[in-house]
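Below are the chains, spelled out letter by letter.
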Amino acid sequence: MSVEFKKEFIEWIKTIVFAVILAFLISFFITPTIVRGESMYPTLQNSNYLIINKTAYWFSKPSKGDIIVFKSHIKDENGNDKDLVKRVIGVPNDHIVVRDGNVYINDELQSENYINGDYTDGDVDIVVPEDEVFAMGDNRPNSFDSRAQEVGTVNIKDEIIGKVVVRLYPFNEITNF
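Since this is a predicted model, take the numbers as computed values, not measurements.

In this structure's numbering, the residues bearing the UniProt feature "active site" (unreviewed entry) are S39 and K86. In summary, the annotated positions, though distributed over 48 residues, converge in three dimensions, the widest C-alpha pair being only 7.9 Å. Its place among the elements puts S39 in the loop between β1 (30-34) and β2 (49-53). Discounting residues that sit within four places of it in the chain, S39 has contacts with V85, K86, G137, D138, N139, N142 and S143. A distance of 2.9 Å separates the side chain of S39 from the side chain of K86, its partner in a polar contact. By the secondary structure assignment, K86 is in strand β4 (residues 81-90). Taking the relative accessible area as the measure of exposure, K86 reaches 2% and is therefore buried.

Once that is clear, we can look at the environment of N113. In this fold, N113 is placed in the loop between β7 (108-109) and β8 (124-127). Between the C-alpha atom of N113 and that of D138, which follows or precedes it by 25 residues, the distance is 9.6 Å.

Read across the sheet, four strands follow the order β7-β6-β5-β8 without closing on themselves; strand pairing throughout is antiparallel. Pairing within the sheet leaves two strands with one partner each, and these edge strands are β7 and β8. Bridging between strand β6 (residues 102-105) and β7 involves two bridges; their strand directions are antiparallel. What sits directly across from Y104, in β7, is L109.

Of the pairings in the sheet, the one linking β1 to β2 comprises five bridges and is antiparallel in character. Of the residues in β2, the one forming a bridge with T33 is L50.

Rules used in this analysis
Residues numbered from 1 in each chain as written. Predicted model: local features only at pLDDT ≥ 70, side-chain atom pairs only at ≥ 80, totals over all residues. Heavy atoms only, no water. UniProt positions renumbered as here; feature names shortened; annotations may be inferred. Helix = DSSP H or I, 4+ residues; strand = E, 2+ residues; numbered from the N terminus. Contact = heavy atoms within 4.5 Å. Polar contact = N/O pair within 3.5 Å; in protein donor to acceptor, adjacent residues only side chain to side chain. Buried < 20%, exposed > 50% of the residue type's maximum accessible area, 1.4 Å probe, protein only. Pairing = 2+ DSSP bridges.

Structural data, given as structure tokens:
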């Protein structure tokens, strides 16, 4: 082998190793997901491509209004825990009441201009436990969320995968959250 070929070969190996390490690091901190269903309409639609920051809650807590992806206890068709995309409505120690189509947090009627319609069905009266959040979809009539006993509140450490930070697709709707 010639010296030039060896140098070129080593440069290629360095580039490939660097690319693999970079890809691993990026996938450790962020991950993509695709929205399945209409539970977050009008904010998100079916087949939207999202980027999730998996480190968002390592050093801070979720805030009201954050859109999160979390593991539910609902099984998908393969028997795995289903990932859900929802909006944080209540944080630890918030008193959430859903009554007569309205949402109250700590006795304050919420003005939720991001939801589909103006009615939230359900009968909820709960104080959000420590280290958990209460999450609902923006399309309230078509969202299986914390209002349902099967979903319930979401554990911050064990169930939240990350915070939605960017909608990448469709390209004409790229949005930072």
